[in-house]
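Read off the chains here:
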Amino acid sequence: MEYFEELLKKPSLFQDESKLDMNYIPDRLPHRDKELSLLSQLFLTLITDPNSISRKILITGKTGIGKTVTIKYFGEILKKVSTERNVAIKYVHVNCRKERTSYKVLIKIIRVIKKNFPKRGYSPQDLLEILIDFLNQQDIHILIVLDELSYLINKGEDLIYSLTRINDDSVNFQERLSIIGIVRDLSCINNLDYSTVSTLQRNIIKFSNYSKKQIFDILKYRAHLSLKENVITDDLIKMIVDSTYLNGDIRNGLNILWKATKIAESRNLNFINTECVRLGSQETVPFSTLDILKYMSSHKLLFLFSIVKGLKNNYEPTISFLGILKRYRIICENLELNPRSNSQLWNYLQEFKRESIVIIEIISEKVKGRRALIQIPEINLLKLEDIIIKILQSKGLKV
Ligand SMILES: Nc1ncnc2c1ncn2[C@@H]1O[C@H](COP(=O)(O)OP(=O)(O)OP(=O)(O)O)[C@@H](O)[C@H]1O
Ligand SMILES: [Mg+2]
């Protein structure tokens, strides 16, 4: 009891802590007006002339620069305007890293229209047909956002092909479906078939990186929403901007802001000082990586763990693929698990590269994989190891 009593007596420096949450959608998005206005222009016809067109848009840009939040924000606007005008438009935001297969993506989409739709018992092809039937029966248009689309593309799933082509062979058709794909890097779409690429390439919106001044405005706004007045000065926000600007991920800025406030609270201060920001900035595992680790499969985590272990015990900053394999097998043996195949592990490695966790240097193209050197340049290994161990433990694996 008295622990709580003590804490409750302390005045909090937060006005509303949840407004620093990564998934919170604020009322304003400073410096994304241009993108929101462009999206509104592109989707206007959905409201003025329902089901006459189907829009397919691709959003691209670096990590942490507001792609997801801007599209979600746009989804909210679209829902409001369509309700006001009695146009039936549904919006569904799917994260393809979390919904890893066509099947899961489709279930998620269908459940926006029919809440209790059963999760099992259909093939993806069935689901696609069911989706179209629902849309036709209920006279609805749906805007499907496929966020982190590269995860679906790289698995060779043909869902994107099917979705972009849904109306091609129907008679007397109504355009029922629009798509927004979000990717960090455009190169992944080249793995799709030619016609899908050309469909998607017609409308690309590139989100530019924020400047220092823009990051300042954004962080100041988020601080204003979440902290009490006079808890942080502009100079300290600038200090956070300096730590954020380098990799540009606004999440890091929000995270530092949150930690600095917590540190100030724990020291019974009435405001944040330089020391709090300095300590708060010492986070060495980027927030985007933490999120990726949380959703990683056990074997992939074990493989990453082997890389971290290998690098930690190495004098060199790099480790060879072969070296990692050895460690991985030993770890699997200790856990009495069957190791994944080398080619699967090589795929994991490519995924780590895409997720900006590792850098791979190919020494010799001839024996691909075996002559690759791997490095984890930007993340503190001790912290990363610690986090992986905790996640593995939560999955029942003691390494
Ligand atoms: N203009 C902005 N105004 C307020 N908050 C913002 C703005 N831009 C980004 N943010 C915040 O920064 C964080 C990262 O943004 P978001 O998740 O949209 O990045 P992203 O571009 O989708 O990154 P990733 O490629 O890693 O998915 C979110 O918490 C978001 O709310
Ligand atoms: Mg995103």
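Being a predicted model, the structure only gives us computed values, none of them experimental. Within each chain, residues carry numbers counting from 1 in the order of the written sequence. As they are written, the chains are lettered A onward and the ligands numbered 1 onward, keeping that order. The model is predicted, so local features are restricted to residues of pLDDT at least 70 and side-chain atom pairs to those at 80 or more, both for listing and for counting; the totals for chains, interfaces and linings are taken over all residues. Working from all heavy atoms in the structure, the side-chain values ignore hydrogens and water.

**Q** Kindly report on the environment of Lys90, identifying the contributing residues and their values.
**A** Only DSSP runs of H or I covering at least 4 residues are called helices, and only runs of E covering at least 2 are called strands; the numbering of each starts at the N terminus. Structurally, Lys90 can be placed in strand β2 (residues 89–95). With relative accessibility at 31%, the residue Lys90 sits in the partly exposed group. Residues count as neighbours in contact if any of their non-hydrogen atoms are within 4.5 Å of one another. Apart from the residues lying within four places of it in its own chain, the contact partners of Lys90 are Val112, Ile140, His141, Ile142 and Leu143. Buried residues are those whose accessible area, probed at 1.4 Å on protein chains only, stays under 20% of the maximum for their type, while exposed residues exceed 50% and partly exposed ones sit between those limits.

**Q** Explain the packing of aromatic side chains residue by residue, including any values.
**A** Working definition: rings of Phe, Tyr and Trp (its six-membered ring) pair if their centres are within 6.5 Å, and the pair is stacked with planes under 30 degrees apart, edge-to-face with planes over 60 apart, and tilted otherwise. All chains considered together, the criterion is met by eight aromatic pairs. Judged by centre distance (5.5 Å) and plane angle (50 degrees), the rings of Phe43 and Phe74 are tilted. Of this pair, Phe43 sits in helix α2 (residues 33–48) while Phe74 sits in helix α3 (residues 67–84), placing them 31 residues apart in sequence. Judged by relative accessible area, Phe43 falls into the buried class, the value being 1%. Consider the rings of Phe303 and Phe352, whose centres lie 6.1 Å apart with planes at 15 degrees: the pair is stacked. Highlighted residues: Phe303 in helix α14 (residues 298–312) and Phe352 in helix α16 (residues 342–354), separated in sequence by 49 residues. A relative accessible area of 0% means that Phe303 is categorised as buried.

**Q** Got a sec to walk through the sheet that holds strand β4 (residues 177–183)? Specific residues and values, please.
**A** At least two DSSP bridges between two strands are needed for those strands to be called paired. One open sheet accounts for five strands, arranged β2-β3-β4-β1-β5; its pairing is parallel. The open sheet has two free edges, formed respectively by β2 and β5 (204–206), since each of these has just one partner strand. Taken pair by pair, the neighbouring strands of this sheet meet at an average axis angle of 15 degrees, ignoring direction. Strand direction decides the pairing type here: β2 and strand β3 (residues 141–147), joined by seven bridges, are parallel. In the strand pairing of β3, His93 is matched with Val145. Simply put, an axis is a line fit to the C-alpha atoms, just over the touching stretch for a helix, and the angle between two N-to-C directions goes from 0 to 180 degrees. Packing of helix α4 (residues 102–113) onto the sheet brings it into contact with β2 and β3, and relative to β2 it is tilted by some 150 degrees.

**Q** Account for the sheet that holds strand β6 (residues 319–320), naming residues and giving values.
**A** With antiparallel pairing, the three strands of this open sheet are ordered in space as β6-β8-β7. With partners counted over all chains shown, the strands left at the sheet margins are β6 and β7 (359–362), one partner each. Sheet strands in contact with α16 are β7 and β8 (372–375), and its direction is about 120 degrees off that of β7.

**Q** Mind laying out helix α11 (residues 250–266), listing which residues take part and the relevant values?
**A** The span one expects for a helix is its residue count, reduced by one, times 1.5 Å. Across its 17 residues, α11 extends 24 Å between first and last C-alpha, which sits within 8% of the 24 Å expected from 1.5 Å per residue. Most of α11 sits inside the fold, with 12 of its 17 residues counted as buried. Within the sequence span of α11, burial applies to Ile250, Asn252, Gly253, Leu254, Asn255, Ile256, Leu257, Ala260, Thr261, Ile263, Ala264 and Glu265. Each element contacted by the buried residues of α11 is listed here: α9 (212–226), α10 (234–245), α12 (274–280) and α13 (287–294).

**Q** Which residues make up the domain arrangement of the protein, and what values do they have?
**A** Split into domains, the protein comes out as domain 1 (33–206), domain 2 (210–283) and domain 3 (289–394). In this structure, domain 1 and domain 3 have C-alpha centres spaced 33 Å apart. In this complex, domain 1 contributes five residues to the contact, which on the side of domain 3 involves five residues. The term buried area denotes the loss of accessible surface (1.4 Å probe radius) that occurs when two parts are joined, taken as the sum for both partners. Both sides of the domain 1 and domain 3 interface together cover about 600 Å² of buried area, and 40% of this is carbon and sulfur. Interface area lost by domain 1 to domain 3 is led by Arg97, Lys98 and Tyr151, which between them contribute 63%. Here, a salt bridge means any Lys or Arg side-chain nitrogen found within 4 Å of an Asp or Glu carboxyl oxygen. In this structure, the connection of domain 1 to domain 3 is made through one salt bridge. Polar contacts, as used here, are pairs of N or O atoms within 3.5 Å; protein pairs need one atom able to donate a hydrogen and one able to accept it. Residues neighboring in sequence count only if both atoms are side-chain atoms. The tally of links between domain 1 and domain 3 comes to two residue pairs in polar contact (both at pLDDT 80 or more). Split into classes, the residues belonging to the side of domain 1 that touches domain 3 amount to one nonpolar, one polar and three charged. An automatic or database domain assignment is the source of the domain bounds shown. Three categories are distinguished: nonpolar for Ala, Val, Leu, Ile, Met, Phe, Trp, Tyr, Cys and Pro, charged for Asp, Glu, Lys and Arg, and polar for the others, with Gly belonging to the last.

**Q** Give a detailed account of the environment of Thr63, specifying residues and quantitative values.
**A** Considering the arrangement of structural elements, one finds Thr63 in the loop between β1 (56–60) and α3. Measuring from C-alpha to C-alpha, the distance between Thr63 and Ile250 comes to 8.7 Å, with 187 residues separating the pair along the chain. Every residue in contact with Thr63, bar those within four places of it in the chain, is listed here: Arg184, Gly248, Asp249, Arg251 and Ser288.

**Q** Explain the site of ligand 1 residue by residue, including any values.
**A** What surrounds ligand 1 is a group of 20 residues, the closest being Thr63, Gly64, Lys67, Thr68 and Arg184. Note that an oxygen atom of ligand 1 is positioned 2.8 Å from one of the backbone N or O atoms of Met22. Residue Arg222 places a side-chain N or O atom 2.8 Å away from an oxygen atom belonging to ligand 1. Here ligand 1 loses 97% of its free accessible area of 630 Å² to cover by the protein chains. Broken down by secondary-structure element, the contributors of at least two residues to the shell around ligand 1 are α3, α9 and α11. Residue proximity to a molecule or strand is established when one non-hydrogen atom of the residue lies within 4 Å of it. Accessible surface area values rest on a Shrake-Rupley calculation with a 1.4 Å probe, where residue burial reflects the displayed protein chains alone.

**Q** An account of the packing of α14 against α16 is requested, with residue identities and associated values reported.
**A** Packing of α14 against α16 leaves a shortest axis separation of 10 Å and a crossing angle of 75 degrees. In this view, α14 runs roughly perpendicular relative to α16, as classed from their interaxial angle. Facing α14, whose interface residues are His299, Lys300, Phe303, Leu304 and Ile307, α16 presents Leu345, Tyr348, Leu349, Glu351 and Phe352. For the contact of α14 with α16, the per-class residue count stands at seven nonpolar, one polar and two charged. Oblique is the label for every angle not falling under 35 degrees (roughly parallel), over 145 degrees (roughly antiparallel), or within 65 to 115 degrees (roughly perpendicular).

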